[in-house]
Amino acid sequence: MRILVVGSGGREHALVWKISQSKLVDRVFCAPGNAGTAAQAENIDIRADDIARLVEFARAEKIDLTVVGPEVPLTLGIADEFQKYRLGIFAPNKAAAAMEGSKVFSKELMRKYKVPTADFEAFGEPAAACAYIEKIGAPCVVKADGLAAGKGVIVAKTVDEARTAVRQIMQDRVFGAAGNRVVIEECLQGQEASILVLTDSKEVIPLASSQDHKRIFDNDLGPNTGGMGAYSPAPVVTPAIFEEIMKKIVYRAIDGLAKEGIAYRGILYAGVMLTRDGPKTLEFNARFGDPETEAILPRLRSDIVEAMLATAGGNLGKYKKAGGLSWHPRPCICVVCAAGGYPGEYKKGVPIQGLDEAAAMQDIVVFHAGTKRDNGSVVTSGGRVLCVAGCGADIRAARDRTYRAVGKIHFEGMQYRTDIGRHAL
Ligand code: AMP
Ligand code: GLY
């Protein structure tokens, strides 16, 4: 089979790495990819959101299955376009991807189908939004409706801060049309966990649980980022909590979508806050998480392509009966090495040393994120540069090994959190 992976981050390198191990696969392509994906796949110079050219490529190269990493092509309707040409695709269609693409849509779906989530109201007018903020008081959370590259959520400690967020989103239009509407919601307290599931709308198979670390600095300080590291499994998600999340959040959401006439096929990611009143949904994403994927896939024993084909083909029930997914019990930790200055301004084109030494270590995989080849050497090309993943007998062993690997890597300005996995210890 020929597989095309769309995207260029650490998540896509992890997907390419896992897919290329499948016995079903002859050739893997990655569009546009990075210096890491180039080692296991053929990088193709097409942007992840250039759907017309991706369709053209998939048709010309007779791609059997296209696997989509990032959210933008999903919400633009890449799955619908591929299906028009009868091209195999592992991705929810545009209507289903609104679970991530529109916070108003997903919150209203949750309300209608009794999926536990923070209390909220949605607004199309700043004055009404601000009046509601006055009413509920601080802390509260302001969310731009549309996609905002992970920056559209403001957890406001004061009423003033919340009002400023509304003004920036709805009047200054800092996220463009994503700010036509806002959601204002109650601020939840607790530990966060990420629950990703495969679904073809009729059947659901969960992946292993994980926990992301969103803030840039140790001890969850500093601004939010795309994610600075993750580990799997997340021990806070006990079997009982896991059951509850599946029953009250995952099944209700997928069944609710089906009742609305939307068949969800692909990965559904539930970001959950474990509150004193039980698990509540923070958000849904229509894709694999990044960096969660880099901590989850090294633990997956099964052939991921078989599972993806079953999902895309609507045969997940049969796949589950045949055994479903199987996991290595050993935990995995991944640590993101980011460019100096990230998530603000940062330099690009900085040479990276020590990649081979780190990658040669046992039970370590160095996933590339923002990297590219430049005259034979690997240089930085993004904010999150690398994601080093390591497995071990327990979380402590996985952590120690991963940080030993990180210690072998160097580039000017490199920053990383030193406390990934601490919550699990
Ligand atoms: P989201 O993109 O909706 O997951 O929001 C990004 C981050 O903002 C989450 O991972 C949480 O850390 C935080 N967040 C979102 N909604 C809430 C909420 N209602 N209460 C507290 N924190 C929240
Ligand atoms: N790690 C959070 C996300 O992928 O949205």
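Attention in this report is confined to the structure presented alongside it. (Residues numbered from 1 in each chain as written. Chains lettered and ligands numbered in written order. Predicted model: local features only at pLDDT ≥ 70, side-chain atom pairs only at ≥ 80, totals over all residues. Heavy atoms only, no water.)

### Quick look at the pattern of salt bridges
This structure, assessed with the given rule, holds 27 salt bridges. Note that Glu 61 is salt-bridged to Arg 2, the shortest N-O span being 2.6 Å. Separated by 59 residues along the polypeptide, Glu 61 in the loop between α3 (51-60) and β4 (65-68) and Arg 2 in strand β1 (residues 2-7) bring together distant segments of the chain. Asp 419 is the partner of Arg 417 in a salt bridge, and the nearest nitrogen-oxygen pair spans 2.9 Å. Taken as a pair, Arg 417 and Asp 419 share a single burial class, namely buried. Several salt bridges share partner residues, and in doing so they unite Lys 23, Asp 303 and Glu 306 into one network. (Salt bridge = Lys/Arg side-chain N within 4 Å of Asp/Glu carboxyl O. Helix = DSSP H or I, 4+ residues; strand = E, 2+ residues; numbered from the N terminus. Buried < 20%, exposed > 50% of the residue type's maximum accessible area, 1.4 Å probe, protein only.)

### Quick notes on unusual backbone geometry
Between Ala 31 and Pro 32 the backbone carries a cis peptide bond, its omega angle lying at -5°. With respect to the helices, strands and loops of the structure, Pro 32 is situated in strand β2 (residues 27-32). Omega for the peptide link from Ser 232 to Pro 233 comes to -5°, which places this bond in the cis form. Tracing the sequence through the fold places Pro 233 in the loop between β15 (229-232) and α10 (239-259). Phi at Lys 114 is positive, roughly 60°, even though this residue is not glycine. Examined against the element boundaries, Lys 114 turns out to sit in the loop between α7 (103-112) and β6 (120-123).

### Points about the nonpolar core
One finds Phe 284, Leu 386 and Ile 409 to be the most contacted residues of the largest nonpolar core, which totals 77 residues. Top contributing element to this core by residue count: α10, with eight residues. Apart from residues lying up to four places away in sequence, Ile 409 is in contact with Ile 352, Gln 353, Gly 354, Leu 355, Ala 358, Val 366, Leu 386, Val 388 and Met 414. By size, the runner-up hydrophobic cluster in this structure holds 46 residues, among which are Leu 65, Ile 267, Ile 304 and Val 305. (Core = buried A, V, L, I, M, F, W, Y, C linked by side-chain atoms within 4.5 Å. Contact = heavy atoms within 4.5 Å.)

### Thoughts on the site of ligand 2
Asp 212, Gly 226, Tyr 269, Asn 285, Arg 287, Gly 289, Asp 290, Pro 291 and Glu 292 make up every residue found near ligand 2. A distance of 3.3 Å separates an oxygen atom of ligand 2 from a polar side-chain atom of Asn 285. Within the side chain of Arg 287, a nitrogen or oxygen atom sits 2.8 Å from an oxygen atom of ligand 2. Summarising the interface, the protein chains cover 91% of the accessible area of ligand 2, which totals 200 Å² for the free molecule. Here the shell around ligand 2 is composed, by residue class, of two nonpolar, three polar and four charged. (Near = heavy atom within 4 Å. Polar contact = N/O pair within 3.5 Å; in protein donor to acceptor, adjacent residues only side chain to side chain. Areas by Shrake-Rupley, 256 points an atom, 1.4 Å probe, with all protein chains shown as cover. Nonpolar A, V, L, I, M, F, W, Y, C, P; charged D, E, K, R; others polar.)

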